[in-house]
Amino acid sequence: MQDNPRNLFGGGWLIADMSLNIWALTIVKSIGLDYSAWQLVFLCALIGALMMLPWILRQPHAFIGVKRPDLHLLRVVLSTLTLTTSFFAIARLPFALFTAINFTRPLVMMVMAALILREFISGKRWIAASLGFVGVIIALEPSELVFTWGLPALFLTVIFGTSAIIVTRKLSDAPTVVMMTFYTCGLAILTLPFAIWSWTSINLDDLPILLAIGVFAQSAQFYFLRAHKWGEAGFLAILGYLSLVLSTGVGYIFFDEIPTMSFIFGAILIVAAAVWATLSARKLMQNERK
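As the structure is a computational prediction, the values presented were derived from the model and not from experiment. Residue numbers here run from 1 along each chain, matching the order of that chain's written sequence. The model is predicted, so local features are restricted to residues of pLDDT at least 70 and side-chain atom pairs to those at 80 or more, both for listing and for counting; the totals for chains, interfaces and linings are taken over all residues. Note that water and hydrogens are dropped before the side-chain values are worked out from all heavy atoms of the structure.

Visitor: I would appreciate a short explanation of helix α9 (residues 207-230) in the present structure.
Guide: An α-helix turns once per 3.6 residues; consequently, residues spaced three or four apart project the same way. Counted at 1.5 Å a residue, the expected span for α9 with its 24 residues is 34 Å, and the 35 Å between its end C-alpha atoms agrees. Listed as buried for α9 are Leu210, Ala212, Ile213, Gly214, Gln218, Ser219, Ala220, Gln221 and Ala227. Here a helix means four or more residues in a row that DSSP labels H or I, a strand means two or more in a row labelled E, and each is numbered from the N terminus. One fewer than the residue count of a helix, multiplied by 1.5 Å, yields its expected span. The classification of residues rests on relative accessible area computed with a 1.4 Å probe and restricted to protein chains. Under 20% of the type maximum is buried, over 50% is exposed, and intermediate values are partly exposed.

Visitor: Help me understand the packing of aromatic side chains in this model?
Guide: The description of an aromatic ring pair rests on the distance of the ring centres and on the angle between the ring planes. A pair of aromatic rings is counted whenever rings of Phe, Tyr or Trp (Trp by its six-membered ring) have centres within 6.5 Å, and the orientation is called stacked for planes under 30 degrees apart, edge-to-face for over 60 and tilted otherwise. Scanning all chains against the criterion turns up seven aromatic pairs. Ring centres of tryptophan 13 and phenylalanine 222 lie 6.4 Å apart, and the angle between their planes is 90°; this geometry places the pair in the edge-to-face category. Placement of tryptophan 13 in helix α1 (residues 6-31) and of phenylalanine 222 in helix α9 is noted, with a sequence separation of 209 residues between them. Phenylalanine 222 gets classed as partly exposed once you look at its relative accessible area, which sits at 31%. When the centroid spacing of 5.8 Å and the interplanar angle of 70° are considered together, the rings of tryptophan 23 and phenylalanine 254 count as edge-to-face. With tryptophan 23 in helix α1 and phenylalanine 254 in helix α11 (residues 242-255), this pair connects stretches of sequence that are 231 residues apart. By relative accessible area, phenylalanine 254 is classed as partly exposed at 47%. We call a charge positioned above a ring when the Lys NZ or Arg CZ atom is no farther than 6 Å from the ring centre and deviates by at most 35 degrees from the ring normal. The ring of phenylalanine 255 carries lysine 29 above its face, with NZ or CZ at 5.3 Å from the centroid. The ring centre of phenylalanine 88 lies 3.7 Å from the NZ or CZ of arginine 92, which sits over that ring.

See the structure below:
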């Protein structure tokens, strides 16, 4: 898998995606207590929609006879909830912890598939899920934990984000321009009422960095799609765990967040469990195809 030269291109796009996402979240974390999550998501989506406009005008035919509008709507709703709870959480939690808990998404997806879709889950993958959730408890350090609303928001981010991924996979045949347009325009429309309700006057000094959030987030989404066009899913999934190292570094350099040994051990358990569950599922699929 790693020998596939296409993975080098895919990996490069994914690293660019991770870097821009981390910068966007860094800005949100630095100003996220000054503006509501709704307002930040709306501004991010509005900037993204403006960036999409030339692409939309060049490919209007892609929107003729759009299939499964109900799934597109569901994806937009779930993505709106994911991004809003994500922005709310990152402003209130350590960067590395935010990233580590997000790595439980493959495990949550597995559990949801078993409970909702009645998919068969092997014993090894259940063990992996159990280890991952033990890792979450260790990383959180309950005895030292000071409650913040960022924690429930983060867990909601994982649930909503996992659900959005499941819906997105069902729309894999949709043109990229359609997917990105529904995403950005839908975010702007759905968050507008809440943004108006919670609106805070924007400091002119903050305007450039607010614009940067939208540019970084929109560009990152495009890079993510390019990465998955070139690279193999298994290779990209494992490479994606590099973002934990990047976010830990950003948290340490910019926010003086020093990871504890408990967090490091818990994060290792989470990543190892997620990788194990992913590889076990892929191996099972390969065996079924033989």
